[in-house]
Amino acid sequence: MKFAQSSRLFSLSRETARSIAEEAARLEAAGHRVMRLDTGDPFPFGFEPPAELIRDIAETLTSSAGYTPTKGLLSAREAVVRYHCARGVPGIDVEHVFLGNGASELITIAMTALLDERDEVLVPAPDFPVWTDAVNVNGGRAVHYRCDESSDWYPDIADIAAKVTARTRAIVIINPNNPTGAVYPPEVLTGILDIAREHNLIVCSDEIYDKILFDDAVHVTTASLAPDLLCLTFNGLSKAYRCAGFRAGWLAVSGPTDHAVSYLDGLTTVAGLRRCANAPAQQAIRIALEADRSGHDLTLPAGLLQDQRDRAWAALNSIPGVSCVKPRGALYAFPKIDLNVYPIRDDEQFVLDLLLQEKIHLVPGTGLSWPEPDHVRIVTLPSAEELETTIDSIGGFLATYRQ
Ligand SMILES: Cc1ncc(COP(=O)(O)O)c(C=O)c1O
């Protein structure tokens, strides 16, 4: 007798990423140094969490051994409420804040609590694939709307409008965006919110990169433009505070909630299935957000990241047949490879070949819900020099693919 996995998992997109990651691990086990540009985790690239944060969390460990309330520690949830209030979203009820083991867990909880079979959720293409998978594994259907590379990767409002159906329940916005690095101006957000308003959609705004901004980019939190809509804002400490391994995230529900009593109750029920998020990470949220209020900047040094972004972007654009929109935030570049110059039919195979030959690990665009095999995602966390050398090697490898 065989034990097969649930057929619900067949719809998930994670297989590609996993087989490439397994190959990378095999190469490393065989003694090769692999340039891992596949995961947006600052820590392995020398961005250590702030010492003050570690020290203060360590002090709370002796009192963190018990379960916490399912939604999370009240003091940490209060810190989240103040964080959003300072960003123009006043009046969030602390009972509508949920702490989780990373934003990823809360994305899954939010979708489990929301979806019935064949319900649809509008998700950006390209995307951070946990969104697509969280919808699909819960019996829903992720319907992808196009982000437009020729308009700084902003969401195509007409495409969104065309994809709303009677089954659409929610729309996902990722801003600043993984993988494109786009930061949306208020008018783009307003265009999306008008559609949500017209069709009674829940707005899910993933803002985990809200503090990783370059040049003069300004992040506007979606909920501040939508006080009349039910808005779920996702955030956490993994990126700006450099502690992805702590698994510290939050979900703040804002807007009118009288007509969402059942959904909020469902969120609490699903969150209760894992009893609570890990307690030291909840303390980390309180400490990080309180430090922010007192003027201590514990976030990533944006200047260094900006230099890396600049140099990676310039190096990518210097490869013939490769073009890259300048990222305005987050930790990635998402260059386009001209398929008339490089006849790549399968970007997964291309990424695998690059890994085997050059020991460079990227993510194929199709693994991020992009429909064509003409993009890859590169993490811009290594030093500028390492990025330039690596991108040079990618250019050399691409030359072997030339028509
Ligand atoms: C857009 C986006 N949202 C959420 C996450 C998940 O973050 P967490 O570590 O809090 O689960 C990531 C991680 O890469 C991300 O890129």
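Computed from a predicted model, the values in this text were never measured in an experiment.

(A) Summary view of the pairing of strand S7 (residues 202-206). The buried fraction of S7 amounts to 5 of the 5 residues, a majority that puts the element mostly inside the structure. Here S7 shows a buried face lined by Ile202, Cys204 and Asp206 and a second buried face lined by Val203 and Ser205. Looking at chain direction, strand S6 (residues 168-174) and S7 are connected through 5 bridges and run parallel. Bridge pairing in S7 links Ile174 to Asp206. Of the crossover connections in this fold, the one passing from S6 over helix H7 (residues 186-199) to the parallel S7 is right-handed.

(B) Geometry of the sheet that holds strand S9 (residues 248-254). The strand order S2-S9-S8-S7-S6-S3-S4-S5 describes an open sheet built from 8 strands, whose pairing is mixed. The open sheet has two edge strands with one neighbour each: strand S2 (97-101) and strand S5 (154-155). Sheet analysis places S2 next to S9, joined by 5 bridges and oriented antiparallel. The residue bridging Leu99 from the neighbouring strand is Trp250, located in S9. Strands S2, strand S8 (231-236) and S9 of the sheet are contacted by helix H3 (residues 74-86), whose axis makes an angle of about 115° with S2.

(C) Examining the side chain of Thr221 more closely. Of note, Thr221 is situated in the loop between S7 and S8. Given the relative accessible area of 4%, Thr221 is considered buried. Leaving out residues up to four positions away in the same chain, Thr221 has contacts with Arg87, Val89, Glu207 and Thr233.

(D) Up close: the site of the ligand. Among the 13 residues in the neighbourhood of the ligand, the closest are listed as Ala103, Ser104, Asp206, Tyr209 and Ser238. For the ligand, an oxygen atom lies 2.7 Å from a polar atom in the backbone of Ala103. Take Asn178: an N or O atom from its side chain is 2.7 Å from an oxygen atom of the ligand. Here the element with the most residues in the shell around the ligand is helix H4 (residues 102-114); it accounts for 3 residues. Taken together, the residues that form the shell around the ligand break down as 6 nonpolar, 4 polar and 3 charged.

(E) Examining the environment of Leu193 more closely. Mapped onto the elements of the fold, Leu193 is located in helix H7. Among the residues examined, Leu193 registers a relative accessible area of 1% and is labelled buried. Setting aside anything within four residues of it in sequence, one finds Leu193 in contact with Val203, Thr222, Leu225, Ala226 and Leu229.

(F) Spotlight on the nonpolar core. Of all hydrophobic cores here, the largest spans 98 residues; its most connected members are Ile171, Leu237, Trp250 and Leu398. For this core, the two domains that each supply at least three residues are domain 1 (7-47 + 300-399) and domain 2 (51-293). In this structure, Leu106, Val123, Ile202 and Phe234 belong to the second largest nonpolar core, which totals 31 residues.

Criteria and cut-off values
Residues numbered from 1 in each chain as written. Predicted model: local features only at pLDDT ≥ 70, side-chain atom pairs only at ≥ 80, totals over all residues. Heavy atoms only, no water. Buried < 20%, exposed > 50% of the residue type's maximum accessible area, 1.4 Å probe, protein only. Helix = DSSP H or I, 4+ residues; strand = E, 2+ residues; numbered from the N terminus. Pairing = 2+ DSSP bridges. Right-handed = clockwise from strand over helix to strand, strands pointing away. Contact = heavy atoms within 4.5 Å. Axes fitted to C-alpha atoms, helices over the stretch in contact; angles between N-to-C directions. Near = heavy atom within 4 Å. Polar contact = N/O pair within 3.5 Å; in protein donor to acceptor, adjacent residues only side chain to side chain. Nonpolar A, V, L, I, M, F, W, Y, C, P; charged D, E, K, R; others polar. Core = buried A, V, L, I, M, F, W, Y, C linked by side-chain atoms within 4.5 Å. Domains from an automatic or database assignment.

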